[in-house]
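Here's the letter readout for the chains.
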Amino acid sequence: MSSSTLHRIIVSLYAVLSAAALGRSSFQILTKFDEAPLAYSLSAVAALVYVLATVTVALGHRPGARRIARLALTFELAGVLMVGTISLLVPSLFPDQTVWSQFGLGYLFIPLILPIVGLWWLGKKAVS
């Protein structure tokens, strides 16, 4: 698989996650925020991170965008790891799912795997 094909796949997956997380968090916040404010707020944060990641990874050929993409993906990975761990250890804090709950189980673990692949691609791109 060529680097440009992988780049298109990463950007496409981030675009899909952006749309899914924006839709889900908007619905949750607008209709039932009082049921799980932490979970729904974290879903909104994830959505914003995915939008930022989509744009900056898409522009990854530019050094400034690559730097911001690296920060966004690192933040995302840390969020998935922290929220995933907390959601398993203290499930009462998460009465409803977030994008990052249980390490992205509701999204087929893509939120856990994608930032790793994205960071690898960005690192590889910086070397080329």
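These numbers were taken from a predicted model, which means no experiment stands behind them.

### Comments concerning the confidence of the model for the protein
Right, on to step 1. For the protein, per-residue confidence averages 92 on the pLDDT scale, and residues scoring 70 or more make up 98% of the total.
Right, on to step 2. Helix α3 (residues 63-89) holds the highest mean pLDDT among the elements of the protein, 95, whereas helix α4 (residues 110-127) holds the lowest, 90.

### Brief notes about a nonpolar patch on the surface
Right, on to step 1. Side chains of L38, M82, I86, L89, V90 and L93 sit close together on the surface and give an oily, nonpolar patch of about 540 Å² of accessible area.
Right, on to step 2. A per-element tally of the nonpolar patch places α3 first, with 3 residues.
Right, on to step 3. Among the secondary structure elements, V90 is positioned in the loop between α3 and α4.
Right, on to step 4. With a relative accessible area of 33%, V90 lands in the partly exposed category.

### Re the nonpolar core
Right, on to step 1. Among the nonpolar cores identified, the biggest contains 26 residues, and I10, Y14, Y50, V57, L73, V99 and W100 are the most heavily contacted of them.
Right, on to step 2. Top contributing element to this core by residue count: helix α2 (residues 37-58), with 7 residues.
Right, on to step 3. Every residue in contact with W100, bar those within four places of it in the chain, is listed here: A46, Y50, F75, E76, G79, V80, V83, G84 and P111.

### Regarding the environment of V51
Right, on to step 1. Relative to the helices and strands, V51 is located in helix α2.
Right, on to step 2. Residue class for V51 comes out partly exposed when judged on its relative accessible area of 32%.
Right, on to step 3. With 34 residues separating them in the primary sequence, V51 and L17 have C-alpha atoms 8.4 Å apart.
Right, on to step 4. With residues up to four places along the chain from it excluded, the contact list for V51 reads S18 and L22.

### Focus on the pattern of salt bridges
Right, on to step 1. Per the stated rule, a full pass over the model turns up 1 salt bridge.
Right, on to step 2. A salt bridge links D96 to K32, with the nearest nitrogen and oxygen atoms 3.5 Å apart. Of this pair, D96 sits in the loop between α3 and α4 while K32 sits in helix α1 (residues 3-32); the two residues are 64 residues apart in sequence, bridging distant segments of the chain.
Right, on to step 3. D96 gets classed as partly exposed once you look at its relative accessible area, which sits at 22%.
Right, on to step 4. The class for K32 is partly exposed, based on a relative accessible area of 22%.

Procedures and definitions
Along every chain, residues carry numbers that run from 1 in the direction the sequence is written. Residues qualify for local features only when their pLDDT is at least 70, as the model is predicted, and side-chain atom pairs are given and counted only at 80 or more; totals for whole chains, interfaces and linings, by contrast, use all residues. Derived side-chain values reflect all non-hydrogen atoms in the structure, with water molecules and hydrogen atoms excluded from consideration. Summary of the metric used: pLDDT quantifies the predictor's per-residue confidence within the range 0 to 100. Each helix corresponds to a stretch of at least 4 residues labelled H or I by DSSP, and each strand to a stretch of at least 2 residues labelled E; elements are numbered beginning at the N terminus. Patch members must show over 30% relative accessible area and no salt bridge, and they are joined within 9 Å when carrying like charges or within 5 Å when they are nonpolar side chains of Val, Leu, Ile, Met, Phe, Trp or Tyr. Surface exposure here means Shrake-Rupley accessible area, sampled with a 1.4 Å probe, where a residue is shielded only by the protein chains that are shown. Each salt bridge in this description consists of a side-chain nitrogen of Lys or Arg and a carboxyl oxygen of Asp or Glu lying within 4 Å of one another. Exposed residues in this analysis have more than 50% of their type's maximum accessible area, buried residues have under 20%, and partly exposed residues fall in between, with area computed by a 1.4 Å probe over protein chains only. Working definition of a nonpolar core: buried Ala, Val, Leu, Ile, Met, Phe, Trp, Tyr and Cys residues. They are joined through side-chain atoms within 4.5 Å. Any two residues whose heavy atoms approach within 4.5 Å are treated as being in contact.

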